[in-house]
Amino acid sequence: MPAECEFESETLTAALQGRRPRQLDAELRAHIATCGVCADVAAAVSAVETLRDETRAEAVIPDSGRVWWLAQLRARREAAETACSPITAVQVIAFAAGAGFVGACFGATSTSFQSALRWVATHPLAPAHGLLAIGMAVLLFVIPVAAWLAMGRD
């Protein structure tokens, strides 16, 4: 059986246009009946057309009003999320500042905490209050920034 046929493009065009065998001219109809390539093309296009018609009949297209309503809800939700992100950042910073203030008040009034700080300050492994400075930096800067970045990714 040959791999190509000179009437293949005509057969494909007729099949894609939806012309039935009785609508074709007698010469092309006779050729399709004898040529395996053109018969395969016509059968394949017919199967694809049938499948397309069945799929189209089963498709459920939502009402345009519902699509518009869902688009409006999504736009409002995205706008609210965009508006809330600076507020969340301010809340995280305010929480960090409050935690720092509470920690400072606790440190200033607790004698056992002050004695522990003196021990850390005089310890040979913590020169120039480095450990205390790192701890405060983590408390006041790194944790709020990490929380803000984590909330921004949602």
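For the structure itself, consult the block above.
Every chain begins its residue count from 1, and numbering advances along the sequence as written. Side-chain atom pairs in this predicted model are given and counted only at pLDDT of 80 or more, local residue features only at pLDDT of at least 70, and totals for whole chains, interfaces and linings cover all residues. Processing note: side-chain calculations cover all non-hydrogen atoms of the structure and skip hydrogens and water entirely.

**Section: the overall build of the protein chain**
Working definition: helices are DSSP H or I runs of at least four residues, strands are E runs of at least two. Numbering for both runs from the N terminus. Of regular secondary structure, the protein chain possesses 6 helices and 0 strands. Each helix and strand of the protein chain, ordered N terminal to C terminal, gives the series α-α-α-α-α-α. Categorising residues by exposure relies on relative accessible area from a 1.4 Å probe, with only protein chains included: less than 20% of the type maximum marks a residue as buried, more than 50% marks it as exposed, and the intermediate range marks it as partly exposed. Counting the 154 residues in the protein chain, one finds 14% classified as buried. Accessible areas in this description were obtained via Shrake-Rupley with a 1.4 Å probe; residue shielding takes into account the shown protein chains only. In the structure as shown, the protein chain presents an accessible area of about 12,000 Å², 66% of it carried by carbon and sulfur atoms.

**Notes on helix H4 (residues 64–109)**
Each full turn of the α-helix corresponds to 3.6 residues, which orients residues three or four apart in the same direction. One fewer than the residue count of a helix, multiplied by 1.5 Å, yields its expected span. Taking 1.5 Å of rise per residue, the 46 residues of H4 would be expected to cover 68 Å, and the 66 Å separating its terminal C-alpha atoms lies within 8% of that figure. The principal kink in H4, of about 30°, is found at cysteine 84, preceding the proline proline 86 by one to four residues. Those residues of H4 lying buried are Ala89, Val92, Ala96, Gly100 and Gly107. A residue's bend is given by the angle between axes fitted to the 7 residues ending at it and the 7 residues starting at it.

**Some details on the pattern of salt bridges**
Here, a salt bridge means any Lys or Arg side-chain nitrogen found within 4 Å of an Asp or Glu carboxyl oxygen. Inspection of every chain in the model, using the stated rule, returns 2 salt bridges. Of the charged contacts in the structure, one is a salt bridge between aspartate 53 and arginine 52, with a shortest N-O distance of 3.5 Å. One salt bridge in this structure joins glutamate 78 and arginine 74, with 3.1 Å as the shortest N-O distance. Highlighted residues: glutamate 78 and arginine 74, both in helix H4, separated by 4 residues, approximately one helical turn. On the basis of relative accessible area, glutamate 78 is assigned to the partly exposed category, the value being 40%.

**What to know about the environment of leucine 117**
For leucine 117, the location among the structural elements is in helix H5 (residues 111–122). Residue leucine 117 is classed as partly exposed on the basis of its relative accessible area, which comes to 28%. For the pair formed by leucine 117 and glycine 107, sequence separation is 10 residues and the distance between their alpha carbons is 8.8 Å.

**Here we look at a nonpolar patch on the surface**
The grouping of Ile134, Met136, Val138, Leu139, Leu140, Phe141, Val142, Ile143, Val145, Trp148 and Leu149 at the surface amounts to a nonpolar patch, some 970 Å² of accessible area in total. Along the chain, isoleucine 134 turns up in helix H6 (residues 130–152). On the accessibility criterion, isoleucine 134 (55% relative accessible area) is exposed. Patch rule: a residue counts if its relative accessible area is over 30% and it has no salt bridge; like charges are joined within 9 Å, and nonpolar side chains (Val, Leu, Ile, Met, Phe, Trp, Tyr) within 5 Å.

**Notes on a negative patch on the surface**
Neither His nor the chain ends contribute to the count of charged residues, in which Lys and Arg are positive and Asp and Glu negative. Here the site of a charge means atom NZ of a Lys, CZ of an Arg, CG of an Asp or CD of a Glu. On the surface, Glu6, Glu10, Asp25 and Glu27 cluster together to form a negatively charged patch. Note that aspartate 25 resides in the loop between helix H1 (8–16) and helix H2 (26–34).

**Focus on the nonpolar core**
Working definition of a nonpolar core: buried Ala, Val, Leu, Ile, Met, Phe, Trp, Tyr and Cys residues. They are joined through side-chain atoms within 4.5 Å. By size, the foremost hydrophobic cluster in this structure holds 9 residues: Cys5, Phe7, Ala14, Leu24, Leu28, Ile32, Cys35, Val37 and Cys38. Counting residues per element, the ones that place at least two in this core are H2 and helix H3 (36–58).

**Focus on H1**
What H1 keeps buried is the set Thr11, Ala14 and Ala15. Taken down its axis, H1 places every buried residue within 100° of arc, on the same side. Directions from the helix axis toward the C-beta atoms define the arc.

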